[in-house]
Each structure stands twice: as C-alpha cells, then as structure tokens.
Amino acid sequence: MNTDPDPYVIKVENLSKRYGRKLALDGVSLKVPENSLFALLGPNGAGKTSLLNILCTLLPPDSGTATIAGYDVVKASLRARSQIGVVFQEPSLDDRLSAAENLEFHGLVYGMPPSTVRRGITDLLDLVELTDWRHALVRTFSAGMKRRLEIARALLHNPRILFLDEPTVGLDAQTRQRMWAYLEQLRRKRELTVVVTTHYIEEVEECDTVCIIDHGRVLASGTPDKLKQQFGSELVKVVPRDPQAAVDLLAAYPDATERDPNILVIPAVGPDFSDQLMARFGQRIRQLSFVTPSLESVFISLTGDDLRDQASNDRERTLSFAKSGGEHTR
C-alpha cells in the first residue's frame, strides 16, 4: 500500500552499486519533488544510467533504498514499475511496424483496454505532432520523430513519472531544443514528474532541479540559479607556452588545477585578476579564455574538469595570443 505522505515522488537513500571492482554508485541520496523537471547532469560513466536502471527496477542496488511514489523498487517492483514510463538511450521501437502499431503493442503488454489504447494513441500522437504519420512505418522516421514516438509510447499507460536516459544524444541542436520544449509541454499538460539524464550542460538551464553527479557521487543539487550562486565563479583557462611557464603559474596560483591537454584552470579572484595575470605572465601564455559563472563553471569548480565530452561553451570568451608578440584579440 502506498503510504508516502510527503511531496517527494522519488526518494533515494545511500544507494550503492558495484560492477566487479568498479564502484558505479557510491552512497547516492536524493529526492525528486512531484510534478517537477529534474535533471541528472554528469559525464558519460558518472553513474547516471546505473541510477536510472535501479529506479526503473531493472537493476538491484547492492545497498541503500529507493522508492517510486512510495513503492520500494526492490520489495514492490511491479507496483513501482506501474508508476513509470521510460525512454532509453538506445532506440527500442520496432521499425517494421507503424507508429500506431508500436503504441498498440505497448498497450497490449500493459494489459490496457483496447478502447483506452485507441484514445491514448490519438491523443499522444497529436501531442508529439505525429498524427500525420500514424500509419507510416517507423523505419521512415527521422531520429527526432522516433524519439518523440518513444516518449508517446512511454506515456500511453498514464504513468506519474517519466524517465529519459540521454534523450537528445545523436540529435542536432535544433531537434534537441524542440525535444526539451516537448518535455516541458508534457509536464504541464499531464502533471508529470520528468527525470532526465544528460551530459549537455546547456540543456538543463530551465530545469527545476539539477543534480550534478560524477564518479558515482552526488556533488551538488539545487536550482540552476542556486548552484551558480553557491558554486559558480569566473574561471580562467590558460595554455602556457612551455612546461616551465606551467610550473611557474602553478606556483603563483596554488588554487589552479591542471587539465589535459596542457591547460591550467585558475579561479578569477578580484575584478583586476586578468590584468594582473597578464602583467605577470602575458608573454608566457599561449592562449587565455574565460568561463563566466554558469553551470559549466559550477561543474568545473566541483570536479576540476569539464564534462568529458562537452563541446566548448558558447559563453566562453577566448583570447588568442600571437606566438611572437603576445598581443591578443577578442
């Protein structure tokens, strides 16, 4: 029986998971409010998918507990599973079937009445703008259309929670933006709790809560603005001209961290930091760039590294130095 009295629809306490010697999750604890958009942000290999698989009742934890709408994912896995819809990172549609046939099969698996399935198919295909492709074979769909159909399928049995594991991987930037617009629309129309894993920092700016995870641990959690206020700072990325310049920079700025390839990241302290840095080391720096307070700078501050396959951020301002004279242009 569901006796959960609080507003958190997902609760995770001290969850751990190990694969052989690899510790994928290391005492993870978090709470997800109902009817919220919650993002798990971290690089590939951070533990996001392992956590999602446990919450989806596909993988047992080694220790700790997790509940979905008050149901323990181990002790009451079937009841917990009835509360969720899932869109996996890897495509799982049958491309030999039409859009409607894929949804019909999902309804059959969940034992839904045929009349309910028919109504749901009509409503959901309209919601994800695939009505005109109702009878088209999925093999003719673009990657974005397939992902929208997978979202429709995950919602057919009317779950309270929608899990999406890296839903925009492989999609172009415009399609990724539209996908997030669909998710927000779905959340508002159906009063869903949406939990998304991603390694694209720019995608989570509008989320209610962002949980930063790396190496199996939760590093920080809160609204994007709260995380920026608490952990964000302007950082300076420096490419020294030679190894000795790197040594001298590290000696001058003990808070600097080393990153490959041959990059130092230095917290910018004070309004004249860049001028002071240039006065001391201008001729010995090959390239200099600034990362303004953002979720990217939050992540770097917490981990000492970028998201491991994250492209350069649009907000980054780069100053390139001529090899000979050390002059720079913006």
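Report on the accompanying structure. Quick caveat: nothing in here was measured; it's all calculated off a predicted structure.

Calculation rules
Residues numbered from 1 in each chain as written. Predicted model: local features only at pLDDT ≥ 70, side-chain atom pairs only at ≥ 80, totals over all residues. Heavy atoms only, no water. Helix = DSSP H or I, 4+ residues; strand = E, 2+ residues; numbered from the N terminus. Buried < 20%, exposed > 50% of the residue type's maximum accessible area, 1.4 Å probe, protein only. Contact = heavy atoms within 4.5 Å. Areas by Shrake-Rupley, 256 points an atom, 1.4 Å probe, with all protein chains shown as cover. Core = buried A, V, L, I, M, F, W, Y, C linked by side-chain atoms within 4.5 Å. Expected span 1.5 Å × (residues − 1). Pairing = 2+ DSSP bridges. Axes fitted to C-alpha atoms, helices over the stretch in contact; angles between N-to-C directions. Phe/Tyr/Trp six-rings, centres within 6.5 Å; stacked < 30°, edge-to-face > 60°. Lys NZ or Arg CZ within 6 Å of the ring centre and 35° of its normal.

### Side note on the overall build of the protein chain
Phase 1 of the analysis: Each helix and strand in the protein chain was counted, giving 10 helices and 16 strands.
Phase 2 of the analysis: By the burial criterion, 49% of the 330 residues in the protein chain qualify as buried.
Phase 3 of the analysis: Contacts spanning at least 24 positions in sequence make up 70% of the contacts within the protein chain whose residues lie at least 6 apart.
Phase 4 of the analysis: Looking at the protein chain as shown, the accessible area adds up to about 16300 Å², and 49% of this sits on carbon and sulfur atoms.

### Concerning the environment of Asp-123
Phase 1 of the analysis: With respect to the secondary-structure elements, Asp-123 resides in helix H4 (residues 114-127).
Phase 2 of the analysis: The class for Asp-123 is exposed, based on a relative accessible area of 51%.
Phase 3 of the analysis: Distance in space between the C-alpha atoms of Asp-123 and Ala-152 is 9.2 Å, their sequence separation being 29 residues.

### A few points about the nonpolar core
Phase 1 of the analysis: Leu-149, Ile-151, Leu-162 and Leu-164 are the most contacted members of the largest nonpolar core, which has 45 residues in total.
Phase 2 of the analysis: It is helix H5 (residues 143-155) that contributes the most residues to this core, six residues altogether.
Phase 3 of the analysis: Leaving out residues up to four positions away in the same chain, Ile-151 has contacts with Val-87, Leu-162, Leu-164, Met-179, Leu-183 and Leu-186.

### A closer look at unusual backbone geometry
Phase 1 of the analysis: Notably, Asn-35 is not glycine yet its phi reads approximately 60°, a positive angle.
Phase 2 of the analysis: The residue Asn-35 is located in the loop between strand E2 (22-33) and strand E3 (37-41) in this model.
Phase 3 of the analysis: The exposure class of Asn-35 is partly exposed, given its relative accessible area of 33%.
Phase 4 of the analysis: In this structure, Asn-158 is a non-glycine residue whose phi angle is positive, near 60°.

### Focus: H4
Phase 1 of the analysis: Over its 14 residues, H4 runs 20 Å from end to end, which matches the ideal 20 Å to within 8%, given 1.5 Å per residue.
Phase 2 of the analysis: Tucked inside the fold, the buried residues of H4 contact helix H3 (99-109), H5 and helix H6 (173-190).

### Structural notes on the pairing of strand E11 (residues 235-240)
Phase 1 of the analysis: Most of E11 is tucked away, with six of its six residues classed as buried.
Phase 2 of the analysis: On E11, burial covers both faces: Leu-235, Lys-237 and Val-239 on one face and Val-236, Val-238 and Pro-240 on the other are all buried.
Phase 3 of the analysis: Where E11 and strand E13 (residues 263-267) come together, four bridges link them in antiparallel fashion. Its bridge partner lying in E13, Val-236 is registered against Ile-266.
Phase 4 of the analysis: Pairing geometry for E11 and strand E14 (residues 285-291), over six bridges, is antiparallel. Its bridge partner lying in E14, Val-236 is registered against Phe-290.

### Describing the sheet that holds strand E4 (residues 63-68)
Phase 1 of the analysis: The antiparallel open sheet is built from four strands, whose spatial order is E2-E1-E4-E5. The sheet is open, and its two edges are formed by E2 and strand E5 (71-72), each paired on a single side.
Phase 2 of the analysis: Pairing between strand E1 (residues 8-19) and E4: five bridges, direction antiparallel. Residue pairing in the sheet places Lys-11 in a bridge with Thr-67 of E4.
Phase 3 of the analysis: Relative to the sheet, helix H1 (residues 48-55) contacts E1, E2 and E4, its axis offset from that of E1 by approximately 120°.

### Considerations on the packing of aromatic side chains
Phase 1 of the analysis: One pass over the structure, following the stated rule, counts two aromatic pairs.
Phase 2 of the analysis: With a centroid separation of 6.3 Å and an interplanar angle of 55°, the aromatic rings of Tyr-253 and Phe-281 are classed as tilted. Here Tyr-253 is found in the loop between helix H8 (243-252) and strand E12 (257-259), whereas its partner Phe-281 is found in helix H9 (residues 273-281), with 28 residues between them in sequence.
Phase 3 of the analysis: The structure contains a cluster of three or more aromatic residues connected by ring pairs, namely Tyr-253, Phe-273 and Phe-281.
Phase 4 of the analysis: We note Arg-176 situated over the ring of Tyr-200; from NZ or CZ to the ring centre the distance is 4.2 Å.

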